[in-house]
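# Examining the three-dimensional arrangement
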Amino acid sequence: AVFAIPAEVHMISGSHDTQTSADVYNVDQFQLPDPAGRSGGACTSALLKVLYADHKMPAHDLTWTMVLRKMRSILENQGFDQVPQLTSSRLIDVNKTMYVVPPGATGTKRAVLIGINYVGQQGELSGCHNDTDNIAEYLEKVHGFQASDMLRLKDDDKSHAPTKQNIFNAFERVTQ
């Protein structure tokens, strides 16, 4: 795995493989600080609700398990049946502190943010582009990422398109 994926990567996805994404047409119900647009993904909104503490890093250490459980609780209380899942490029102890940037990490903080609304297709979503903006804002304000070090791939004809090749290239770039 280290050869195939030279960086440590963690991904929280919004649902089981057999489930679909759930758009939230008014993210106000998640009480997020300054959301980009009114619509967004239920999973992203739940994740940000767990992580945000007045635009500061959480006051207490959250484990990966705690983050997932809190997200599931928020989603369930809002009437969503999504079950967030964690995937990692390395074996991790899910009962240890969850982090966006590994403790002691040095160098440039990079991120790949992908928002696919499936514009013009059946099942078109409306909040995925806003999700990338909301996550980018969180990374900048809370974790000190630079906007220039976050690549956003969106199907909006303004950004880099989220094609297979562009996604592969983005992940290669982020691991340098």
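Each remark here, short or long, concerns the structure printed above.
This section reports on the structure supplied with the text. (Residues numbered from 1 in each chain as written. Predicted model: local features only at pLDDT ≥ 70, side-chain atom pairs only at ≥ 80, totals over all residues. Heavy atoms only, no water.)

### What about unusual backbone geometry?
- Positive phi, normally seen in glycine, also occurs at Tyr118, with a value near 55°.
- The residue Tyr118 is located in the loop between strand S5 (111-115) and helix H3 (128-143) in this model.
- Overall, Tyr118 belongs to the partly exposed group, its relative accessible area being 38%.
- Notably, Asp157 is not glycine yet its phi reads approximately 65°, a positive angle. (Helix = DSSP H or I, 4+ residues; strand = E, 2+ residues; numbered from the N terminus. Buried < 20%, exposed > 50% of the residue type's maximum accessible area, 1.4 Å probe, protein only.)

### Things to note about the side chain of Asn117
- Here Asn117 shows up in the loop between S5 and H3.
- For Asn117, a relative accessible area of 5% translates into the label buried.
- At 3.2 Å, the side chain of Asn117 and the side chain of His129 are in polar contact.
- If we skip the residues at most four places from it in the chain, Asn117 touches Glu124, Leu125, Ser126, Gly127, Cys128, His129 and Asp155. (Polar contact = N/O pair within 3.5 Å; in protein donor to acceptor, adjacent residues only side chain to side chain. Contact = heavy atoms within 4.5 Å.)

### Regarding the nonpolar core
- Core analysis: the biggest nonpolar cluster contains 25 residues, and Val67, Met71, Leu113, Tyr138, Leu139 and Met150 have the highest contact counts within it.
- The set of elements that each furnish at least two residues to this core consists of helix H1 (42-51), helix H2 (64-77), S5 and H3.
- Residues contacting Met150, with those up to four places away along its chain left out, are Ala111, Leu113, Ala136, Leu139, Glu140 and Phe145.
- Core analysis: the next-biggest nonpolar cluster, separate from the first, contains five residues, Leu151, Leu153, Ile167 and Ala170 among them. (Core = buried A, V, L, I, M, F, W, Y, C linked by side-chain atoms within 4.5 Å.)

By themselves, these are just geometric observations and shouldn't be taken as functional.
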